[in-house]
Amino acid sequence: MGYINTILILGGINVIAALGVSILTGYTGLFTIGHAGFMALGGYLSAVLIKEYEVHFVLALIIGGLFAGVASLIIGYPSFRSRLRGDYFAIATLGFSEAIRLLLNNMKQVGPLNIGGSFGYSIPSGMATVPVVVVALLLAMLFAHMFVTSQHGKNCIAIAQDEVAAEMMGVNLLRTKLIALFISAFYAGVAGGLMGLFFAYQSPSFYSITQSSNLLAAVVFGGIQSLIGPFITAFVLVAAPQLLLVMEEWRLIAYGFLFVLIMVFRPQGLLGYVEMNFNFVKAGWNKLVARKSISRKAVH
Amino acid sequence: MDLFLQQLVSGISIGAIYALLAVGYALVYSIYNFTNWAFDAFMAFGAIMAFIAIASLAMPFWLAAILAIVLTIILAVGTEKLAYKPLRMRKAPRLFMMISAMGVNLTIVQTMNKFFGGTFRKFPVDSVQPIFIGNVSVGRMDLLAGAISFGVLALLWVFLYRSKWGLAIRASSIDIQTASLMGINNDAVAVIIFGLTGVLSTVAGVFYGIKYAVFPMMGTITIKAMIASIIGGLGNLPAAIVGSMLLGVLETLVAGYISSTYRDLFSFLFLIVILLFFPNGLMGKSGDEKL
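Residues numbered from 1 in each chain as written. Chains lettered and ligands numbered in written order. Predicted model: local features only at pLDDT ≥ 70, side-chain atom pairs only at ≥ 80, totals over all residues.

### What to know about the overall build of chain A
Formally: The numbering of helices and of strands both runs from the N terminus, where a helix is a DSSP run of H or I of at least 4 residues and a strand a run of E of at least 2. Field definition: a residue is buried when 20 or more other C-beta atoms are found within 10 Å of its C-beta, exposed when 12 or fewer are, and partly exposed for counts in between, with C-beta atoms placed from the backbone.
Across its full length, chain A carries 12 helices and 4 strands. Buried positions account for 51% of the 300 residues belonging to chain A.

This is the structure in C-alpha cells:
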C-alpha cells in the first residue's frame, strides 16, 4: 500500500506542476524550461513557514505558490515587454531556474535561517497524505478548467495562435501573458511545497533541469491545448519508470527522441486540442436510441 | 591594479568563448527565428569527440580538432534534416521548433552521458608556462583560444559580407520566402547555417574543455551565451560579440571581487536589468533584428 501511495502522491504532485506548464506552454504558447525554479521557490518558502513559523500547511502552500507567482512576474514583465515573441522569456526562465538552484546549493544561511545548502532543509513530515494530494489535484484541475474556458483562457489561446491578430482583436498581450504566467508559477510553487512535505525535506537537487524537462515532456506528450492529456501523461511519466524500473539515463534519451518524433509526426501530442467532457456519454446514448428506433422500423 | 588586469584578461578569454556560442545562436535565430536549444549538445559533442581522438586514438591536437569539427558538422546538419526540416516544410509554429530542438538536446546529451560517463575529465593537452606581461599572467592556451576565436569570427564576417553565399544567407535572414523566390536554394542555406554552427560550437567546446573540463553537461554554459546574445540584441552578430565580451568581463569581475557563488546569479540579474531598460538589448534595433 505504501508503494501505491508513493506513486499516487508523486504522480499527483507532478500533475499539478504539469497543469501549470500546460496553461503556459500548451494554451498560451510560451515555451518554458525553467519551471523547476518556481517549484523551488514555492517549496522552500512553504517549508520555512511550516518549520520556523508553524504556519498551517495549507496556508503555507498557498503563500508559497503566491510567492512563486510574484517571482515569475519579475522575470515575465521585462521579457514579455520586448516584442521578440517568447524567446527572451524561454531563456530567462532557464537562467532563472539555474540561478535559483545554484543559489540554494551554495547558501547555507539566509539571515537567521539555516537552509542547509546542498544538504537540503528538513521539515516535519506526514502532511502530504493521499487525500491531501487528491484534493489539491482536484482543485487544481477544476481551477485550470475554469481558467482555460474563461475569457482569459480564450485570450491565451488567441495569443498562442497568432499574437498580432490577437492584439488586433483587442487582447492585451502583456496582461494576458502575465496572468497565465502567474497562475502557472502558482501551480509550480504549490507542487514544490507538496513535494517537500512528502519527502520531509527540501533539496536543491529536486529542482534540476531534469525536473523542468519532465514537466515539458508531460505537456508535449499529453498534447497542446489540453488539460486531460498532460494530466494522464504527467501521471504515467512518474508511475511508469517506478513500475518498470527503467534506467534513468535511458528514460531521458527516450524523452528527447520522442520530443522530435512527436513534433515531426504528431505535433498535437496524444490528446492535443481534446478536452475532457462527458459528451461521449450523450453521443453514445443518442446512438443507442437511434439504433433502437431503426430496428423497430425494420420490424414494422 | 594587477588583480584588475588579471581579471580583465580572463574575462576577455571567457568572453571570446561566449562570443563563438552567441554568434552560433544568432545565426540560426536570424534566419529561422527560433532558439536552437540543441546547440549546447553540439558543443559538448565536439569537445568529447576531440577528447576521445586525443586520449584514445593518440591524434595530435590539430588533427583531433579537425576531426571533431567534421563530425559535429555532420551531426548538426543531420539534426537539421531530421528534426527541423520537416517542421519548416509545413510551417510549424515556433513553439514546435523549440520543443524539437529541446528533444535533440536531451537525446544527444543523455546519450553521451550514458556512453562517455558524466564525470569531469581534464582535456589531454600539455600545460605550458603562462606568459607574463608585467605581473599579469596570460595562459598560452587562453591566448590561442582568443586568437582562434577572433580568427573564426573574422572569417565568418568575411564569408557573410564578402561572398555570394553570405549574400544569400543575409537575404534569407530578411525574408526566407522572398529569397527562395529569387532563386536562393533554401536547403543549401540551411546546410551552410547548421554547418557553421557545428564549427562554432566545436571550437568553443574544445577551448572551454581545455580551460575547465570535458563532460557531457558542459553545454549548460551556453545559457551564458544566450544571455549575452540577448544583452547584445538577439539575431544580430556584432551585438552578440559585444554582449559576450561585456558579460564575460563583468561576471569575472564579480567572481573575483565578490564571490564566485554569485557569478551566475549576477549574469541573470544583469539580463533582467538590461531587458528592463533596453527591451531589445543594447544594440538591437526594435522590430526586426537581422544580421
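After presenting the structure, the write-up continues.
### Comments concerning the overall build of chain B
The line we're drawing: Throughout, radius of gyration means the C-alpha value; the globule benchmark is 2.2 Å times the number of residues raised to the power 0.38. We call two residues in contact when the distance between their C-beta atoms, placed using the backbone, is within 7 Å.
A tally of helices and strands in chain B yields 11 helices and 2 strands. Element order for chain B, N to C, with α for helix and β for strand: α-α-α-α-β-β-α-α-α-α-α-α-α. The C-alpha radius of gyration computed for chain B amounts to 19 Å, which stays within 12% of the reference 19 Å derived for 291 residues, consistent with globular compactness. Each of the three principal axes of chain B carries a C-alpha extent, and together these read 60 × 50 × 35 Å. With 291 residues in all, chain B has 51% of them scored as buried. Taking all contacts inside chain B whose residues are at least 6 apart in sequence as the whole, residues at least 24 apart take part in 76%.

### Focus on the interface of chain A and chain B
With 37 residues of chain A in contact, the opposing surface of chain B contributes 36 residues. For the side of chain A that touches chain B, the secondary structure elements donating two or more residues are helix 3 (57-81), helix 4 (87-106), helix 9 (209-222) and helix 11 (248-265) of chain A. It is helix 4 of chain A that contributes the most residues to the side of chain A that touches chain B, 13 residues altogether.

### Here we look at the packing of helix 2 (residues 35-53) of chain A against helix 3 of chain A
Residue and element names in this part refer to chain A. Defined as follows: The angle between two axes is taken between their N-to-C directions and runs from 0 to 180 degrees, where each axis is a line fitted to C-alpha atoms and a helix contributes only its stretch in contact. Should the near helix be turned anticlockwise from the far one by less than a right angle, the crossing is termed left-handed; should it be turned clockwise, right-handed. When residues are sorted by character, Ala, Val, Leu, Ile, Met, Phe, Trp, Tyr, Cys and Pro go into the nonpolar class, Asp, Glu, Lys and Arg into the charged class, and all the rest, Gly among them, into the polar class.
Their axes nearest at 8 Å, the elements helix 2 and helix 3 cross at an angle of 145°. In terms of crossing hand, the pair formed by helix 2 and helix 3 is right-handed. Contacts between helix 2 and helix 3 pair Phe38, Leu41, Gly42, Gly43, Leu45, Ser46, Leu49 and Ile50 from the former with Phe57, Ala60, Leu61, Ile63, Gly64, Gly65, Phe67, Ala68, Ala71 and Ser72 from the latter. For the contact of helix 2 with helix 3, the class distribution of residues is 12 nonpolar, 6 polar and no charged.

### Thoughts on the environment of B:Met217
Mapping B:Met217 onto the fold places it in the loop between helix 8 (186-211) and helix 9 (222-232). Along the primary structure B:Met217 and B:Phe45 are separated by 172 residues, whereas in three dimensions their C-alpha atoms are 9.9 Å apart.

### Here's the deal with the nonpolar core
Put simply, the rule reads: Note on terminology: a nonpolar core is any set of buried Ala, Val, Leu, Ile, Met, Phe, Trp, Tyr and Cys residues joined through C-beta atoms within 7 Å.
A:Ile16, A:Leu194 and B:Val23 are the most contacted members of the largest nonpolar core, which has 191 residues in total. Take this core: its biggest share by element is 16 residues, from helix 1 (residues 2-32) of chain B. If we ignore the near neighbours within four places in the chain, the residues touching A:Leu194 are A:Ile13, A:Leu61, A:Ala128, A:Val133 and A:Ala136.

### Describing helix 11 (residues 263-277) of chain B
Because an α-helix completes one turn every 3.6 residues, residues spaced three or four positions apart along the sequence face the same direction. Applied cut-off: What a helix is expected to span follows from its residue count: subtract one and scale by 1.5 Å.
For helix 11 of chain B, with 15 residues, the first-to-last C-alpha span of 21 Å sits near the 21 Å given by 1.5 Å per residue. Along its buried surface, helix 11 of chain B packs onto helix 3 and helix 4 of chain A together with helix 9 and helix 10 (237-257) of chain B.

### Structural notes on unusual backbone geometry
With glycine set apart, most residues show a phi of negative sign, and most peptide bonds adopt trans. Residue and element names in this part refer to chain A. Even without being a glycine, Ala200 presents a positive backbone phi close to 65°. Here Ala200 shows up in the loop between helix 8 (173-199) and strand 4 (201-202). At Gln225, a position not held by glycine, the phi torsion is positive, near 55°. Relative to the helices and strands, Gln225 is located in the loop between helix 9 and helix 10 (228-244). Classification of Gln225 by C-beta neighbours within 10 Å gives buried; the count is 24.

### Quick word on the confidence of the model for chain A
The cut-off we apply is this: The predictor attaches a confidence to each residue, and that confidence, scored 0 to 100, is pLDDT.
Of the residues in chain A, 88% reach a pLDDT of 70 or more, and the chain-wide mean stands at 83. Per-residue pLDDT, averaged within each element of chain A, yields its smallest value for helix 12 (residues 279-299) of chain A (70) and its largest for helix 8 of chain A (92).

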